[in-house]
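One letter stands for each residue in the lines below.
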Amino acid sequence: MRKKFFITFISIIFICFFAYDFSFTYSKNKILNSNVYRITKEYLSKGDLKSNYNLLSENEKNYLEALKYYKENNFEKASDLLMQIKNNATNDTLLFYTNFYLNQCEKRLNEYGNFDYIEDAFNIMAKYPVLSNETDLIWQMTSSVITDTNSKKKIIVLLNNFLEKAKGLELENRLKIKGFIAMIKMSSEEYGESIYAYYDILSQAKKIKNPEVRSKIEVKSYEYLGNMYFILDDFSTAIKYYNLAISIPIKNLSENAISKYGSYVNRSESYIQLKDYKKARESSLETEKIIPYLPETLSTGVKIFRYKNLLLLESRNNNFEKANEYYNLCLQLLKEDRGGAFINSKMYVELAYCEMLILQKNYEKAQKKLNILLKQDLEEEWGFDTSIYLLLLKIYKETDQTENFFVTGKKLYQAEKVFNDTLKKDYIEFVKNSYILDQLKKQEKISRIKILTLGGLTFIGIISIFFGLIKIKNLNNKNFIDSLSQVYNRKYLDFLMKKPLKNPLSSIIIMLDIDYFKYYNDFYGHPAGDLVIQKVAKILKNSLRKEDIIIRYGGEEFLIILKDANIDIFKEIYNRISKNLYDEYIPHEKSLISDRITLSAGATFTYFEKNFDLKPPIKKADEALYISKKEGRNKYTII
């Protein structure tokens, strides 16, 4: 009896499996052999449309006619025919491609796509593995509706629903779609979730056996990690990630170009921002070499950004005639661009052009254009407001528009405060998510070595990205971070003095003061003064070693603790701070000693045995600072 039951049970399982496999294969072959699929794939791959297809229905004939109109850029007629098909067709393959091209027509006619068409297309794609793995089409639809905050949230919901429902979705394509979501979250300033997603994608990519496929996923993840540093103005670290992405070998030249074009383009601009124009030009030439291997949907966008970077490069070298040529080339290409490579290309180009106008001292034209761009940005919520405010401040400063300078400086301060608050909030959320991820990894019985490796990479990456915040517990439990400068505050100093030392420590205590800061505030306004404090704090952080401590002591004063330091280390760090501050060039017209912001410093050597008894050395360092200020400022004194 048991034997019969077992045989029957196995037979049922076999029949069910065979039926499922037959259904899967049948649906796949039905799509692959359909006229609509073959027409579309040929058009997407070759751009050709033949007339000798063996069409079986009126809808298929109309579809072919609609594609011809689309190819001729007659989007209205194409849309009319596609709408007729959508209203009476029943074939899923035909309906999917009809919705896809309806959305693309909508984008070309109105500059953005239609969520209804995308949702209908996604629902059909999710049912068939042969369609659900078409990630290029998914991105084309996704990028067509990324405009304001609400649209980004809405498309993320659609993509997450697709990931849940999609049948036969391969791991590599699942990770690509997760990458789309992470990129959109990054553009929405959800940095914690975005960075979490990219590290998770890198971890999941290790499961992909095909090295070419795995490499493509890793390249895009490193690119977007580089973009995170780019957003934080840490261009040197961004370049390291871009170089890492570019160095990963991909044999197929076309796939190599498709995977790496973003890293090439953004690396060029990073060099421009670092004022390393020679390397920027070399990087631009490397970008040019990959363009022939890109499909038309991407090559146009890459050309635009390459010319945009060259526009910036030539402008900063005062070669305005050449810069204007690149601007005109961008305008021509923008007419052809379908947004496949980059989002908001026009805004990036116009901002680069406005910078050129400012360098030409064509302030009136630049101001007028920037105000138009600002209005558009605030309406669409694209996130360019900070960049626009900075350019406007340059104009107002050069043209003595004091009131406008003050108002815009305040708006910039508010915009950057929102950015910093979002960053800090998402940082804490990311730490929590990292902990949850670790717990899930343990439950899945992943080895401890892998857990520590992923945890270590995550910890190191997030520490580097989010301003070098060192103590996670302190950030969660105590308010030790100064909200303006994003360095430690006096409350942390009190905590530090109570903290016992494990071992005795030789240190140098430095008091730093921004020279003639009151004159700066009186002339430029307090919002501008706040920006100076932020910039100086950032320069100090970037100039110190990892083990050193920086505290905003009060107003424009900073306290620095150099651990295990001697006179040579002090001089090296002081010279680094001076050089970085000089290179930053923060103008200070009311300074009595320089045309830019400078610092005075006082330092003293001390030895801590059991705890940080900082009051006596701070007093000495303050006395040394007083001597530096009395003897002319912009120097250091050691006592």
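Residues numbered from 1 in each chain as written. Predicted model: local features only at pLDDT ≥ 70, side-chain atom pairs only at ≥ 80, totals over all residues. Heavy atoms only, no water.

Engineer: Could you give an account of the overall build of the protein chain, with specific residues and numbers?
Structural biologist: Secondary structure summary: the protein chain contains 28 helices and 5 strands in total. By the burial criterion, 51% of the 639 residues in the protein chain qualify as buried. A separation threshold of at least 6 residues defines the contact pool for the protein chain, and within that pool the share at least 24 residues apart is 65%. With an accessible surface of roughly 32,500 Å², the protein chain has 51% of that area assigned to carbon and sulfur atoms. (Helix = DSSP H or I, 4+ residues; strand = E, 2+ residues; numbered from the N terminus. Buried < 20%, exposed > 50% of the residue type's maximum accessible area, 1.4 Å probe, protein only. Contact = heavy atoms within 4.5 Å. Areas by Shrake-Rupley, 256 points an atom, 1.4 Å probe, with all protein chains shown as cover.)

Engineer: Describe the confidence of the model for the protein chain, naming the residues involved and giving the relevant values.
Structural biologist: Summary statistics for the protein chain give a mean pLDDT of 82 and a share of 83% for residues scoring 70 or more. Averaged pLDDT values for the elements of the protein chain fall to 42 in helix α23 (residues 472-477) and rise to 94 in strand β3 (residues 557-563). A low-confidence stretch, residues 9-26 stays under pLDDT 50, and its non-local contacts, those more than four residues away or across chains, total 1 contact. Long-range and interchain partners of residues 427-432, a stretch whose pLDDT sits below 50, account for 14 contacts in this model, where long-range means more than four residues apart. (pLDDT = per-residue confidence, 0-100.)

Engineer: Go over the nonpolar core with me, naming the residues and quoting the values.
Structural biologist: Counting residues in hydrophobic clusters, the biggest one holds 88 residues, and the most contacted among them are Leu-370 and Phe-558. Formed by 79 residues, the second largest nonpolar core is a distinct cluster that contains Val-36, Phe-162, Ile-181 and Leu-225. (Core = buried A, V, L, I, M, F, W, Y, C linked by side-chain atoms within 4.5 Å.)

Engineer: Explain a nonpolar patch on the surface to me, and be specific about the residues and the numbers.
Structural biologist: Together, Tyr-519, Leu-592 and Ile-593 line one region of the surface with nonpolar side chains, adding up to about 290 Å² of accessible area. Exposure remark for Tyr-519: the relative accessible area of 39% places this residue in the partly exposed category. (Patch = residues over 30% accessible without salt bridge, like charges linked within 9 Å, V, L, I, M, F, W, Y side chains within 5 Å. Salt bridge = Lys/Arg side-chain N within 4 Å of Asp/Glu carboxyl O.)

Engineer: Lay out the sheet that holds strand β4 (residues 599-608) in plain terms, naming residues and giving numbers.
Structural biologist: Spatial ordering of the open sheet is given by β2-β3-β1-β4-β5, a layout of 5 strands whose pairing is mixed. Each edge of the open sheet is held by one strand with a lone partner, namely β2 (549-554) and β5 (636-638). Recorded for the sheet is a direction-independent mean angle of 20° between the axes of neighbouring strands. Relative to β3, β2 is paired through 5 bridges, and the arrangement is antiparallel. Bridge pairing in β3 places Ile-549 opposite Ile-561. Contacts from helix α26 (residues 526-543) reach β1 (505-514), β2, β3 and β4 within the one sheet, and its direction differs from that of β3 by about 5°. (Pairing = 2+ DSSP bridges. Axes fitted to C-alpha atoms, helices over the stretch in contact; angles between N-to-C directions.)

Engineer: Outline the environment of Cys-105, listing residues and values.
Structural biologist: Secondary-structure assignment places Cys-105 in helix α5 (residues 92-110). Judged by relative accessible area, which is 0%, Cys-105 ranks as buried. Separated by 32 residues in the primary sequence, Cys-105 and Asn-73 have C-alpha atoms spaced 9.0 Å apart. Apart from the residues lying within four places of it in its own chain, the contact partners of Cys-105 are Tyr-70, Phe-75, Ala-78, Ser-79 and Leu-82.

Engineer: Can you lay out unusual backbone geometry for me, pointing to particular residues and giving the numbers?
Structural biologist: You will see that Lys-361, though not glycine, has its phi angle at about 65°, which is positive. Summarising the element assignment, Lys-361 is placed in the loop between α18 (345-359) and α19 (363-380). The residue Asp-400 is not glycine, and still its phi comes out positive at about 60°. Along the chain, the position of Asp-400 falls in the loop between α20 (385-398) and α21 (402-443).

Engineer: How would you summarise the packing of helix α17 (residues 320-334) against α18 if you had to cite specific residues and measurements?
Structural biologist: Between two packed helices, both the angle of their axes relative to each other and the distance between the axes serve to describe the pair. Where α17 meets α18, the axes come as close as 11 Å, and the angle between the chain directions of the two elements is 160°. Taken as axis vectors, α17 and α18 run roughly antiparallel relative to one another. Crossing of α17 over α18 shows left-handed handedness. Taken together, the residues of α18 that come into contact with α17 (itself represented by Phe-320, Ala-323, Asn-324, Tyr-327, Cys-330, Leu-331 and Leu-334) are Ser-345, Lys-346, Val-349, Glu-350, Tyr-353, Met-356 and Leu-359. When the residues that make up the contact of α17 with α18 are grouped by side-chain class, the tally is 10 nonpolar, 2 polar and 2 charged. (Parallel < 35°, antiparallel > 145°, perpendicular 65-115°, else oblique. Left-handed = near helix turned anticlockwise from the far one by under 90°. Nonpolar A, V, L, I, M, F, W, Y, C, P; charged D, E, K, R; others polar.)

Engineer: Which residues make up the packing of aromatic side chains, and what values do they have?
Structural biologist: In this description, a pair of aromatic rings is defined by centroid distance and the angle of the planes. All chains considered together, the criterion is met by 25 aromatic pairs. When the ring of Tyr-37 is compared with that of Tyr-97, the centres are 6.5 Å apart and the planes differ by 55°; the resulting orientation is tilted. Of the two residues, Tyr-37 is situated in helix α2 (residues 35-46) and Tyr-97 in helix α5; the sequence distance between them amounts to 60 residues. Judged by relative accessible area, Tyr-37 falls into the buried class, the value being 11%. (Phe/Tyr/Trp six-rings, centres within 6.5 Å; stacked < 30°, edge-to-face > 60°.)

Engineer: An account of the pattern of salt bridges is needed here, citing residue identities and associated values.
Structural biologist: The full count for this structure, using the stated rule, is 21 salt bridges. The shortest N-O distance in the salt bridge between Arg-281 and Glu-314 comes to 3.0 Å. Of this pair, Arg-281 sits in helix α15 (residues 277-290) while Glu-314 sits in helix α16 (residues 296-316), and the two are 33 residues apart along the sequence. Judged by its relative accessible area of 33%, Arg-281 falls in the partly exposed class. Using a relative accessible area of 7% as the deciding quantity, one classes Glu-314 as buried. The partner of Arg-545 in a salt bridge is Asp-548, and the shortest N-O contact between them spans 2.8 Å. Three or more residues are tied together by salt bridges with common partners; here these are Arg-545, Glu-547 and Asp-548.

Engineer: Can you explain helix α13 (residues 235-247)? Please cite residues and give values.
Structural biologist: The end-to-end C-alpha separation of α13 is 18 Å, in line with the 18 Å expected for 13 residues at 1.5 Å each. Among all positions of α13, only Phe-235, Thr-237, Ala-238, Ile-239, Tyr-241, Tyr-242, Ala-245 and Ile-246 are buried. Buried-residue contacts for α13 involve α11 (191-205), α12 (211-231) and α14 (253-273). (Expected span 1.5 Å × (residues − 1).)

Engineer: How would you summarise the environment of Thr-142 if you had to cite specific residues and measurements?
Structural biologist: The residue Thr-142 is located in helix α8 (residues 135-143) in this model. As a C-alpha pair, Thr-142 and Ile-118 span 24 residues in sequence and 7.9 Å in three-dimensional space. When neighbours within four sequence positions are excluded, Thr-142 is seen to be in contact with Phe-122, Ile-155, Leu-159 and Ile-184.

Engineer: Help me get a handle on helix α6 (residues 115-125), residues and values and all.
Structural biologist: Every α-helical turn comprises 3.6 residues, leaving residues that sit three or four positions apart pointing alike. Every buried residue belonging to α6 is among Phe-115, Tyr-117, Ile-118, Ala-121, Phe-122, Ile-124 and Met-125, and all of these are buried. The elements touched by buried residues of α6 are α4 (75-88), α5, α7 (129-132), α8 and α9 (149-165). Here α6 starts with a cap whose side-chain oxygen sits 2.8 Å from the backbone nitrogen of Asp-116, and that cap is Asn-114. (Polar contact = N/O pair within 3.5 Å; in protein donor to acceptor, adjacent residues only side chain to side chain.)

Engineer: Could you give me a rundown of the pairing of β3, with the residues and numbers involved?
Structural biologist: Regular strands place side chains that alternate from one sheet face to the opposite one. Most of β3 is tucked away, with 6 of its 7 residues classed as buried. The sheet contact formed by β1 and β3 spans 7 bridges and is antiparallel. What sits directly across from Ile-508, in β3, is Leu-562. The antiparallel pairing of β2 with β3 creates a hairpin that spans 2 residues between the two strands, and Gly-555 there sits at a positive phi of about 55°.

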